Amino acid sequence: MELYRFTLTEIAKKIKNKEVTIHEVLDSVFSRIEEVEPQIAAYITLMRKEAYERADYLQKKLDQGEDIGVLGGVPIAIKDNICTSGVKTTCASRMLENFVPVYDATVIKNLEEAGAIFIGKTNMDEFAMGSSTESSYMKKTKNPWDLEKVPGGSSGGSAAAIASDMAFAALGSDTGGSIRQPASYCSVVGLKPTYGLVSRFGLIAFASSLDQIGPFAKTVEDTALMLNVIAGHDKKDTTSAPIEKKDYTKALQNTVKGLTIGIPTEFVKEGIHEDVKQAYDQAIETFKDLGATIKEIQLDYIKYSLATYYIIATAEASSNLGRYDGIRYGHRASDFKDIDDLYCKSRSEGFGAEVKRRIMLGTYVLSAGYYDAYYKRAQQVRTLIIENFKKAFETCDVILMPTAPKTAFRFGEKTENPLEMYLEDIYTVPVNIAGLPAISIPGGFDHEGMPIGIQLIGNAFGEETLLQIAYTFEQNTNYHERKPNKI
Ligand code: GLN
């Protein structure tokens, strides 16, 4: 088998046991990239030179008998909104086209200490706003399962890279579904950790009360390993939780006996594709057969999640993106009359249509005359949604939902009508609103062979239970073994 096909856990072991050299692993991954990247376009920046230099360094250490970490020598991809010192971090925006951070995000430091090798920065929706990666200023990332279709978004590049074996794991960010939804569209595993579990220091902010960094991987085991490395308290992020480091791989037991899975039947009813519904029902049956208790739950306010999300997220975005004015940060227009004109032109040229739409919406809901009617109300509903989940978790250990109502769609299908695009987030945004952890795992295929993801939602800091249940599902199904045959 080609080396790039192995899982992260397997390849790390092969490197450690000296069955393969780190150089050989990199050769394999970069030859894979040469082969399929021209079609997929998952990467904005490739870090070939840096990667090989680091490979030499790590191999030398290993040969001297030193420990090179749990991810020692493993090629990893990073979403392009996570700051990498000395390497362009563009947010897929013209605004930050030439931005080179002078520092590393905390997660980058964590991964580096664990021996990872960064091989590139992945494509995304501009400033992580979108569900298809089509709002990227840089390129169009294709879904490895069907090159005519989107990979999902906003972390579409990371998901496509893992699905096509162009990296062993990747980082993404999830504000309203941006890890889970592309994971679902591309048939890989994607985890959005509890708010505060993973440091956001160095993540370029979209909506700070919702944003969270998380891993993409080929298996649940690899996901747990990545979480081990990136989770942990960071004093540079004031919202980081003072939680002790854990070994999440210890939670990977193949059993769901004694566990209760909540099913929000009322919520998973309308607007869902028949094949997705079928896969969802099948997942419920699988868990039943494996000995879990299935329990219907009621989440009364969850239907307001989407409306709440698009008020809070845009409000925070309009504030966070205020810094890109051509002076403090970002693209500067070359021709302007005065300072107002400079701001205006720089922002008009630097931002794409979706980002502008969000800034305008956000500014509107925060404006004096509308604050109470929209923003304040959304915050109140947010509290109700949080209460809903709290109550549900008194009677169940995790909640099972589809990740997205449909499978990957064609390019351009939803760009005309932004509301349709927003509807793709219906099952993912409640999780961010409540700050909970959730994982998307491969859960089936539609009648055209496009992947379907199922989502497990955990209680706050309940990643261990979440991973255990996801692992059990994976061990007892074979959806994750199927690979895209178009590339
Ligand atoms: N699709 C959602 C949005 O457009 C979520 C994006 C995200 O999680 N970054 O806002």
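Please refer to the structure placed before this passage.
For the structure given in this document, a descriptive report is provided here.

Calculation criteria
- Residues numbered from 1 in each chain as written.
- Predicted model: local features only at pLDDT ≥ 70, side-chain atom pairs only at ≥ 80, totals over all residues.
- Heavy atoms only, no water.
- Helix = DSSP H or I, 4+ residues; strand = E, 2+ residues; numbered from the N terminus.
- Buried < 20%, exposed > 50% of the residue type's maximum accessible area, 1.4 Å probe, protein only.
- Contact = heavy atoms within 4.5 Å.
- Areas by Shrake-Rupley, 256 points an atom, 1.4 Å probe, with all protein chains shown as cover.
- Lys, Arg positive; Asp, Glu negative; His and termini not counted.
- Charge placed at Lys NZ, Arg CZ, Asp CG, Glu CD.
- 1 Å grid on protein atoms, 1.4 Å probe; cavity = no way out; pocket = protein on both sides within 12 Å on 5 of 7 lines; lining within 4 Å.
- Points joined across faces, edges and corners; volume = space filled by probe spheres on them.
- Nonpolar A, V, L, I, M, F, W, Y, C, P; charged D, E, K, R; others polar.
- Core = buried A, V, L, I, M, F, W, Y, C linked by side-chain atoms within 4.5 Å.
- Near = heavy atom within 4 Å.
- Polar contact = N/O pair within 3.5 Å; in protein donor to acceptor, adjacent residues only side chain to side chain.
- Sits in = over half its atoms within 2 Å of the grid points.
- Pairing = 2+ DSSP bridges.
- Axes fitted to C-alpha atoms, helices over the stretch in contact; angles between N-to-C directions.

What follows is about the overall build of the chain. When its secondary structure is counted, the chain shows 15 helices and 11 strands. Across its three principal directions, the C-alpha atoms of the chain cover 65 × 55 × 45 Å. Across the 487 residues in the chain, those meeting the buried criterion constitute 62%. A separation threshold of at least 6 residues defines the contact pool for the chain, and within that pool the share at least 24 residues apart is 76%. In the form shown here, the chain has an accessible surface area of approximately 18,800 Å², with 49% of it arising from carbon and sulfur atoms. Across the chain, the centroid of the 55 positively charged side chains sits 3 Å from that of the 65 negatively charged ones.

Turning our attention to empty space enclosed by the protein. With the rule as written, the count across this model stands at 3 cavities of 30 Å³ or more. The calculated volume of the largest cavity comes to roughly 80 Å³. Across the lining of the largest cavity, the residue classes tally to 5 nonpolar, 8 polar and 2 charged. Of the volumes computed, that of the second largest cavity is approximately 40 Å³. Those elements that provide at least two residues to the lining of the second largest cavity are strand 10 (438-445) and helix 15 (463-475). Of the residues contributing to the lining of the second largest cavity, the split by class is 4 nonpolar, 2 polar and 1 charged.

Among the nonpolar cores identified, the biggest contains 162 residues, and L111 and F127 are the most heavily contacted of them. Once residues lying within four places of it in the same chain are set aside, the contact partners of L111 are L71, I76, I78, A116, F118, L171, M226, V229 and I230.

The ligand sits among 15 residues. The nearest are T175, G176, S178, Y309 and R358. Side-chain polar atom of Y309 to an oxygen atom of the ligand: 2.6 Å apart, as the coordinates give it. Relative to its unbound accessible area of 290 Å², the ligand is 99% covered by the protein chains. Among the detected pockets, the ligand sits in the largest cavity.

To continue, consider the sheet that holds strand 2 (residues 75-79). Taking strand neighbours across the sheet as the criterion, the 11 strands line up as 1-3-2-4-6-5-10-11-9-7-8 in an open arrangement whose pairing is mixed. If you trace the sheet from one side to the other, it starts and ends with strand 1 (43-46) and strand 8 (293-296), each paired once. Strand-to-strand twist of the sheet, defined as the mean angle between neighbouring strand axes without regard to direction, takes the value 30°. Pairing between strand 10 and strand 11 (residues 451-458): 7 bridges, direction antiparallel. Pairing of G444 across the sheet is with I452, part of strand 11. Packed onto the sheet, helix 7 (residues 220-230) meets strand 2, strand 4 (169-173), strand 5 (189-192), strand 6 (213-217) and strand 10 and runs at close to 150° relative to strand 6.

Take the environment of P182 next. Inspection of the secondary structure puts P182 in helix 6 (residues 180-186). Note: C-alpha distance between P182 and G156 (26 residues apart in sequence) is 5.6 Å. Beyond its immediate sequence surroundings of up to four residues, P182 is in contact with P151, G152, G153, S155, G156, A159, G177 and F216.

By themselves these figures say nothing about function.
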